Amino acid sequence: MLNLHGYGMRLIEGALVTVELAALSLIIAVLLGLVTASAKLSKRRLPHLLATLYTTLIRGVPDLVLMMLFFFGGQVLMNDVSDWLYARFGLDLFINIDAFIAGVLTIGLIFGAYMGETFRGAIQAVDKGQVEAATACGMSRALIFRRIRFPLMMRHALPGLSNNWLVLLKTTALVSVIGLSDMVRVATQASKTTLEPFTFMLFVAVIYLLLTSLSEWVIKRLTRKYNAGFTRGRS
Amino acid sequence: MIDTLLEPLTAWLAERAIFTPDTLAVYWQGIETTLSLVSLSLLMGFVISLPLSLARGSHYGWLRRPVQAFTYVFRGTPLLVQLYLIYYGVVFIDDVQESWLWPLVKEPFLPALLAFTLNTVAYTTEIFHGAIVNTPRGELEAAKACGMSRSLIYRRIVFPSAFRRALPAYGNEVILTLHASAIASTVTLMDITGAAQFVYSRFYAPFEAFIFAALIYLVITLTLLYVLRRLEARFNPQLRGVRKQRRKIMAFGNAIPQKP
Amino acid sequence: MTTMTTLQPSESRPSPVSSEPAEVLLRVEGIKKRFGDTHVLKGISLTARRGDVITLIGSSGSGKSTFLRCLNLLEQPDGGELEIHGQPVHFTTTRHGRVPQDEKRVQWMRSRVAMVFQNFNLWSHMTLLENIIEAPIHVQGYSRAEAINEARCLLAKVGLEERADHYPSQLSGGQQQRGAIARALAMNPDVMLFDEPTSALDPELVGDVLAVMRRLAEEGRTMVLVTHEMDFARDVSTRIMYLNQGEVEEEGPPQQVLDTPRSNRLRQFLSTR
């Protein structure tokens, strides 16, 4: 039988951390992605330039390096701020970066770049004729965005969005490296004390597999629901 | 004005003196480690994926299902977990410590290479399989109608056209493997990220240490992108006109990979 | 471009009437095909002698394309016999259904019966020239130089000598189809099959393709074609077969079938054209 040496509860807690982390990062990533996409499609140069710089830099550098930069760098920055506050105002404040929040922000920031690309493609894929048809009906710009552009865009974005979510879910494993107690970190610690890495790592692998499989199932349902009348050509 | 601004900066840098010949040598070794790890796993991954992608599309269940299961598991779990399983797990294989393999697997390089290879094989197999499956039906029929044999059709029609279709996705996989290799530092391998961690812990200078590493990765990524672009243009000359137009419209940043 | 004047086919082609009947190149007997419970072909026979141009007409779903695809075994018929140049193709029944006994024989037979598709199906990773020399080199074993020489002549014949080094995606539909005809000709086939070769083309491009086909007919090429171009069929065909629901409803010389149709269904079919 599977013997988790009393780590079972902690592993489940770790799994919850993983799921929460992934879900919160997804929200940030989607919001950032929408902003990035509209900046990229903007006619003004500065937003376009900034967005391009952001997506290029983030996507050109490994996630782990970015994570370490933000996490360790953020800590140093905070220390400098508290030093300065102490020197200037005599405030004795130790600001410690919360690993969870740092993780959420970092993953959100990284995947915002990928989401930005997904949304940019999706916005561009929206058929201009349908927007024109809405304009011809006398719809206002805001109404067109809400009722026509956005729903159509989401349909085009769904495959890329799903893909990014699956990758994001697996990327959360990296936060164990910067000290957040997700299930990978719990499993690593358990492996070290019990000397049974196979048991714990396989357990974690199975949970990830369950999470990705569940996600894929949900995505399939969603795709079917949203793609009504939106199939790709003939069978 | 500028002097007064620069003065604290130069003083600060002089005080720390991070980028000495010693630390640069650490980074250089990191580059060597990363590049050999990535190129070896990509090379082996490519070779292994070719037959596997055929098996993946086989009519025979006993041939197709194991490959399907393999890619499903390796694409559904984080590379970090796979690496830990192999690196920490290998010690517990019976009698491995007495065998001739031990000196090899005791060091992190081979376990990491194994993990990366298996991982990239899983993704590459699916990429190749997808490209093979997407060979236009009509082109296959035309080949049949010319009296070509099955093996000739594969050699002359399916593989060359699948390779061209797979190239963008495969190029993406190459760059993602480079980025994924940063994980090797977690099992004490001194790759580029490992070098950055070393410099960080030695000088407590996260910005310098990691931004420098990030720049190295960025340069390698952009170089690879350039090479891949050239390859694509070479193998897809019929797209050349289209691509040039597209490049004019979009900035170069869009070429950087999407996660698979 | 298409000429709308009616050409007397018997005047412009070597007449088979004068001497003994020309040699039989392709003969099929009682071809049957079923998809699930639908009987698409209920036993169709056809004999093509050298110089014949046989046109299959009929509404969609009449089985004419399926029948054409059975002629070079892109579809496996469930029943019936097939002979090319007097050489029969033998079938055997396995658990995958009825399949040809000898795959090599089928490949040889296909190299004698070339096909032009509705959607051209040029290989997109090869230039036009490479498309044309592919089968001569790799199936028929010609040298590269010979194949290229021949290909250049064929390209000139279909009016594409300037486009040899273009990729299919750089050509118009009409050019692609003329290229596909050149590819089929390159195998120097006994019989050429045309499966609705102009249906996927813009109206203004149809004429060029039909002109090439007309020239082939005039040269005495043996052809079996499926088309909706009735004027063209009348001009070039030696025989027309009207298919309805998987059966030959009427068959004969074009004037007889098209001008004095006997069956009501054919009359109805022709009146909607």
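Quantities reported herein were computed from a predicted structural model and do not represent experimental measurements.

### Focus on the packing of aromatic side chains
Here's step 1: Across all of its chains, the model carries 19 aromatic pairs over all chains by this definition.
Here's step 2: Aromatic side chains F71 of chain A and F72 of chain A sit 5.6 Å apart centroid to centroid with 70° between the ring planes, which places their arrangement in the edge-to-face category. An identical accessibility class is assigned to F71 of chain A and F72 of chain A; each is buried.
Here's step 3: Where F128 of chain B meets Y170 of chain B, the ring centres are 5.7 Å apart and the plane angle is 35°; that geometry is what we call tilted. Of this pair, F128 of chain B sits in helix 6 (residues 109-133) while Y170 of chain B sits in helix 8 (residues 150-180), and the two are 42 residues apart along the sequence.
Here's step 4: Using a relative accessible area of 7% as the deciding quantity, one classes F128 of chain B as buried.
Here's step 5: A residue is classified by how much of its surface remains accessible, and Y170 of chain B, at 12% relative accessible area, is buried.
Here's step 6: Cation over ring: R234 of chain B sits above F235 of chain B, and NZ or CZ is 5.4 Å from the ring centre.
Here's step 7: The ring of W123 of chain C carries R183 of chain C above its face, with NZ or CZ at 4.4 Å from the centroid.

### Some details on unusual backbone geometry
Residue and element names in this part refer to chain C.
Here's step 1: Positive phi is not limited to glycine here, since L73 has a value of about 65°.
Here's step 2: Within the secondary structure layout, L73 lies in the loop between helix 2 (64-71) and strand 4 (79-84).
Here's step 3: Although it is not a glycine, N188 adopts a positive phi angle of roughly 45°.
Here's step 4: On the basis of relative accessibility, which here comes to 49%, the residue N188 falls in the partly exposed class.

### Quick look at the confidence of the model for chain C
Here's step 1: When pLDDT is averaged across chain C, the result is 87; 93% of the residues are at 70 or more.
Here's step 2: Across residues 1-13 of chain C, confidence stays below pLDDT 50; counting only partners more than four residues off in sequence or on other chains, it has 25 contacts.

### Considering the pattern of salt bridges
Opposite charge on two side chains permits them to pair, given that their charged atoms come into close proximity.
Residues and elements named next belong to chain C.
Here's step 1: In total, this model carries 20 salt bridges over all chains according to the counting rule given.
Here's step 2: Of the charged contacts, one joins D208 and R178 as a salt bridge, the two residues approaching to 4.0 Å between their closest N and O atoms. Here the residue D208 occupies a position in helix 7 (residues 203-218), and R178 occupies one in helix 6 (residues 173-185), the gap between them amounting to 30 residues.
Here's step 3: Classification of D208 by relative accessible area gives partly exposed; the value is 27%.

### What about the side chain of Q82 of chain B?
Residue and element names in this part refer to chain B.
Here's step 1: In this fold, Q82 is placed in helix 4 (residues 79-89).
Here's step 2: Assessed through its relative accessible area of 6%, Q82 is described here as buried.
Here's step 3: Once you skip the residues sitting within four places of it in the chain, Q82 turns out to touch V73, F74, T77 and N119.

### Some points on the interface of chain B and chain A
Here's step 1: Every contact between the two is made by 42 residues of chain B and, on the other side, 47 residues of chain A.
Here's step 2: At the boundary of chain B with chain A, total buried surface from both sides reaches about 4,000 Å², with 73% on carbon and sulfur atoms.
Here's step 3: The interface formed by chain B and chain A includes zero salt bridges.
Here's step 4: Summed over the shared surface of chain B and chain A, the result is seven residue pairs in polar contact (both at pLDDT 80 or more).
Here's step 5: Elements supplying a minimum of two residues to the side of chain B that touches chain A: helix 3 (61-76), helix 4, helix 9 (192-203) and helix 10 (206-235) of chain B.
Here's step 6: Top contributing element to the side of chain B that touches chain A by residue count: helix 10 of chain B, with nine residues.

### Notes on the layout of surface pockets
Here's step 1: As a volume, the largest pocket reaches approximately 1,500 Å³.
Here's step 2: Along its surface, the largest pocket is lined by 36 residues, and H59, L140, K144, R150 and Y154 of chain B are the ones closest to its centre.
Here's step 3: For the lining of the largest pocket, the secondary structure elements donating two or more residues are helix 2 (21-56), helix 6, helix 7 (137-145) and helix 8 of chain B together with strand 7 (97-100) and helix 3 (103-112) of chain C.
Here's step 4: Its residues assigned to classes, the lining of the largest pocket shows 14 nonpolar, twelve polar and ten charged.

### Some points on the UniProt feature "transmembrane region" (unreviewed entry) in chain B
Here's step 1: UniProt tags residues 34-52, 72-93 and 209-228 of chain B as "transmembrane region" (unreviewed entry).
Here's step 2: The distance from the first to the last C-alpha atom of residues 209-228 of chain B is 29 Å, and the span holds 100% helix and 0% strand.

### Regarding the pairing of strand 7 of chain C
Within a regular beta strand, the side chains point alternately toward one face of the sheet and then the other, so they alternate between its two faces.
All names here are of chain C.
Here's step 1: Looking at chain direction, strand 6 (residues 91-94) and strand 7 are connected through four bridges and run antiparallel. Within strand 7, the residue paired with T94 across the bridge is G97.
Here's step 2: Hairpin connection, strand 6 to strand 7: the antiparallel pair is bridged by two residues.

### Comments concerning the interface of chain B and chain C
Here's step 1: Between chain B and chain C, the residue contacts involve 20 residues of the former and 24 residues of the latter.
Here's step 2: Taken together, both faces of the contact between chain B and chain C bury some 2,000 Å²; the carbon and sulfur share is 57%.
Here's step 3: Where chain B touches chain C, the interface holds two salt bridges.
Here's step 4: For R69 of chain C, the salt bridge goes to E141 of chain B, with nearest N and O atoms at 2.4 Å.
Here's step 5: Looking at the side of chain B that touches chain C, the elements with two or more residues in it are helix 7 and helix 8 of chain B.
Here's step 6: Classifying every residue of the side of chain B that touches chain C by side-chain character gives nine nonpolar, five polar and six charged.

### Examining the sheet that holds strand 11 (residues 239-244) of chain C
All names here are of chain C.
Here's step 1: Judged by pairing direction, the sheet is mixed, and its six strands sit side by side in the order 8-9-10-3-11-12 without closing on themselves. Two strands bound the open sheet, and with one partner strand each, they are strand 8 (113-116) and strand 12 (247-252). Pairwise comparison of adjacent strand axes, ignoring direction, gives a mean angle of 20° for this sheet.
Here's step 2: Bridging between strand 3 (residues 53-57) and strand 10 (residues 222-226) involves four bridges; their strand directions are parallel. In the sheet register, V53 faces strand 10, and the bridge partner there is M223.
Here's step 3: Along the sheet face, helix 6 touches strand 8 and strand 9 (191-195) and points at about 175° away from the line of strand 8.

### Looking at the arrangement of the chains
Here's step 1: Where two pairs of chains are in contact, the pair with the most contacts is made of chains A and B.
Here's step 2: For chain A and chain C, which are not in contact, the least C-alpha distance works out to 15 Å.

### What to know about the packing of helix 1 (residues 8-41) of chain A against helix 4 (residues 99-125) of chain A
Residue and element names in this part refer to chain A.
Here's step 1: The interhelical angle for the contact between helix 1 and helix 4, taken along N-to-C directions, is 45°, at an axis separation of 5 Å. Taken together, helix 1 and helix 4 sit at an angle that is classed as oblique. As helix 1 packs across helix 4, the resulting crossing turns out to be right-handed.
Here's step 2: Class assignment of the residues belonging to the contact of helix 1 with helix 4 gives a composition of 20 nonpolar, eight polar and four charged.

Thresholds applied
- Residues numbered from 1 in each chain as written.
- Chains lettered and ligands numbered in written order.
- Predicted model: local features only at pLDDT ≥ 70, side-chain atom pairs only at ≥ 80, totals over all residues.
- Heavy atoms only, no water.
- Phe/Tyr/Trp six-rings, centres within 6.5 Å; stacked < 30°, edge-to-face > 60°.
- Buried < 20%, exposed > 50% of the residue type's maximum accessible area, 1.4 Å probe, protein only.
- Helix = DSSP H or I, 4+ residues; strand = E, 2+ residues; numbered from the N terminus.
- Lys NZ or Arg CZ within 6 Å of the ring centre and 35° of its normal.
- pLDDT = per-residue confidence, 0-100.
- Contact = heavy atoms within 4.5 Å.
- Salt bridge = Lys/Arg side-chain N within 4 Å of Asp/Glu carboxyl O.
- Buried area = accessible area lost by both parts, 1.4 Å probe.
- Polar contact = N/O pair within 3.5 Å; in protein donor to acceptor, adjacent residues only side chain to side chain.
- 1 Å grid on protein atoms, 1.4 Å probe; cavity = no way out; pocket = protein on both sides within 12 Å on 5 of 7 lines; lining within 4 Å.
- Points joined across faces, edges and corners; volume = space filled by probe spheres on them.
- Nonpolar A, V, L, I, M, F, W, Y, C, P; charged D, E, K, R; others polar.
- UniProt positions renumbered as here; feature names shortened; annotations may be inferred.
- Pairing = 2+ DSSP bridges.
- Axes fitted to C-alpha atoms, helices over the stretch in contact; angles between N-to-C directions.
- Parallel < 35°, antiparallel > 145°, perpendicular 65-115°, else oblique.
- Left-handed = near helix turned anticlockwise from the far one by under 90°.

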